[in-house]
Amino acid sequence: MGIIEKLRLDNKKAFVTGGARGIGYNIAIALAEAGADVALVDTDEGTAKASAEEIARLTGRKTLALKADVTKKADVDSMIESILKSFGRIDVAFCNAGICMNIPAEEMTLEDWNKVININLTGVFLTAQAAGKVMIKQGGGSIINTASMSAHIVNVPQPQCSYNASKAGVIQLTKSLAVEWALKNVRVNCISPGYIGTDLTLSSPTLKPLIEKWNAMAPLHRLGRPEELQAIAVYLAGDSSAFTTGSDFVIDGAFTCI
């Protein structure tokens, strides 16, 4: 089998949390284009449904749109049950749902802190745990978590200590799960994107001055594009990455090198 064939995901079953838009949507469509059936999971059920229908139309693959709050175990369990009912198995779990709150540390409330940690870290754990149980039972699978370059650096000028801490936790969680599940044929990796120009980011007037500062600092003097994360996701989802587990892939245009 050649390398192109190994990168194919034909008949694999996948889900993407935070899949309605942005990075999640771009990953979902890449997995579908490579041959996988994909469930888009999001709290915004309407947008998830529209995105799922668009991906099905463009790729001819089977898609699902599911509403779930990844911080709630009951929601995650229900999501997994719905995916298994429709797809029969889960080969790829892309745990991507996350938020960022720019609040100075001395002003951050415990409620604000917990909200970010619960979605970005606890949500990844609950989702990966639920998917991992299925994969262990069926004999294997690939889990991909979304971390961030913010796990490696302290972003400036925005204050985001809760986000940085949560994403650093995602990397260590990824490594821990990879070691625990290595002999169970469940691979766990993460990607750490830099600043990515999603539609939501680019349309935000409050982010415009920050984007200008980020671009001035960045070696490439631009934001990344969501589709520039697709290739690594397809690689990690497929059989060509069979020896790749416990790894963190920083895709940031060399921003963390400076």
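In the annotation of an unreviewed UniProt entry, the protein is listed under the name 3-oxoacyl-[acyl-carrier-protein] reductase and assigned to Treponema primitia. Per UniProt, the protein carries the Sequence similarities (unreviewed entry) text "Belongs to the short-chain dehydrogenases/reductases (SDR) family."

**With respect to the environment of Trp113**
Mapped onto the elements of the fold, Trp113 is located in helix H5 (residues 110–138). Linking Trp113 and Ile103, residues 10 residues apart in sequence, is a C-alpha distance of 9.5 Å. Beyond its immediate stretch of four places on either side in the chain, Trp113 contacts Met108, Cys161, Ser162 and Ala165.

**Digging into the packing of aromatic side chains**
If you walk through the whole model with that rule in mind, you get 2 aromatic pairs. When the centroid spacing of 3.8 Å and the interplanar angle of 5° are considered together, the rings of Tyr195 and Trp214 count as stacked. Of this pair, Tyr195 sits in the loop between strand S6 (186–193) and helix H7 (199–202) while Trp214 sits in helix H8 (residues 208–217), and the two are 19 residues apart along the sequence. Considering the side-chain rings of Tyr195 and Phe255, the 5.3 Å spacing of their centres and the 90° angle between planes classify their relative orientation as edge-to-face. Taken together, the residues Tyr195 in the loop between S6 and H7 and Phe255 in the segment after strand S7 (248–251) connect sequence positions 60 residues apart. Put simply, the rings of Tyr195, Trp214 and Phe255 touch in pairs and so form one group of aromatic residues. Positioned above the aromatic ring of Phe87, the side-chain terminus of Lys13 is 5.9 Å from the ring centre.

**Overview of the side chain of Ser150**
Along the chain, Ser150 turns up in the loop between strand S5 (141–146) and helix H6 (161–180). Here Gln160 takes part through its side chain, which lies 3.4 Å from a polar atom of the side chain of Ser150. For Ser150, the contacting residues outside a window of four places in its chain are Asn155, Gln160, Tyr163 and Asn164.

**What about the pairing of S5?**
If a strand is regular, its side chains alternate between the two faces of the sheet. Of all 6 residues in S5, 6 are buried; the element is thus mostly enclosed. Sheet topology note: the strand S4 (residues 92–95)/S5 ladder contains 4 bridges and is parallel. Its bridge partner lying in S5, Phe94 is registered against Ile144. One crossover worth recording links S4 to the parallel S5 by way of H5, and it is right-handed. Here 6 bridges tie S5 to S6, and the two strands are oriented parallel to one another. Among the inter-strand pairings, Gly141 is bridged to a residue of S6, identified as Val186. Assessed by its sense of winding, the connection that carries the chain from S5 through H6 to S6 is right-handed.

**Here's the deal with helix H4 (residues 73–87)**
Its 15 residues place the ends of H4 21 Å apart at the C-alpha level, agreeing with the 21 Å of an ideal helix rising 1.5 Å per residue. Among the residues of H4, those classed as buried are Val76, Met79, Ile80, Ile83 and Phe87. Along H4, the residues classed as buried sweep out an arc of 95° about the axis, all on the same side. More than 90 degrees from the buried face of H4, the exposed residues found are Ala74, Glu81 and Lys85. Turning to H4, the residues buried within the fold contact strand S1 (13–17), strand S2 (37–42), strand S3 (63–67) and H5. Two residues or fewer after H4 comes Gly88, characterised by a positive phi angle close to 90°.

**Brief notes about the nonpolar core**
The biggest cluster of nonpolar side chains holds 32 residues, and the ones touching the most others in it are Phe15, Met79, Ile80, Ile83 and Ile143. At the level of secondary structure, the elements contributing two or more residues to this core comprise S2, S3, H4, S4, H5, H6 and S6. The biggest single contributor to this core is H5, with 7 residues. Sequence-distant contacts of Ile83, defined by excluding residues within four places in its chain, comprise Phe15, Ala39, Leu64, Leu66, Gly88, Arg89 and Ile90. Core analysis: the second largest hydrophobic core is formed by 28 residues, Ile23, Ala28, Leu229 and Leu236 among them.

Reading guide: rules and limits
- Residues numbered from 1 in each chain as written.
- Predicted model: local features only at pLDDT ≥ 70, side-chain atom pairs only at ≥ 80, totals over all residues.
- Heavy atoms only, no water.
- UniProt positions renumbered as here; feature names shortened; annotations may be inferred.
- Helix = DSSP H or I, 4+ residues; strand = E, 2+ residues; numbered from the N terminus.
- Contact = heavy atoms within 4.5 Å.
- Phe/Tyr/Trp six-rings, centres within 6.5 Å; stacked < 30°, edge-to-face > 60°.
- Lys NZ or Arg CZ within 6 Å of the ring centre and 35° of its normal.
- Polar contact = N/O pair within 3.5 Å; in protein donor to acceptor, adjacent residues only side chain to side chain.
- Buried < 20%, exposed > 50% of the residue type's maximum accessible area, 1.4 Å probe, protein only.
- Pairing = 2+ DSSP bridges.
- Right-handed = clockwise from strand over helix to strand, strands pointing away.
- Expected span 1.5 Å × (residues − 1).
- Arc of directions from axis to C-beta.
- Core = buried A, V, L, I, M, F, W, Y, C linked by side-chain atoms within 4.5 Å.

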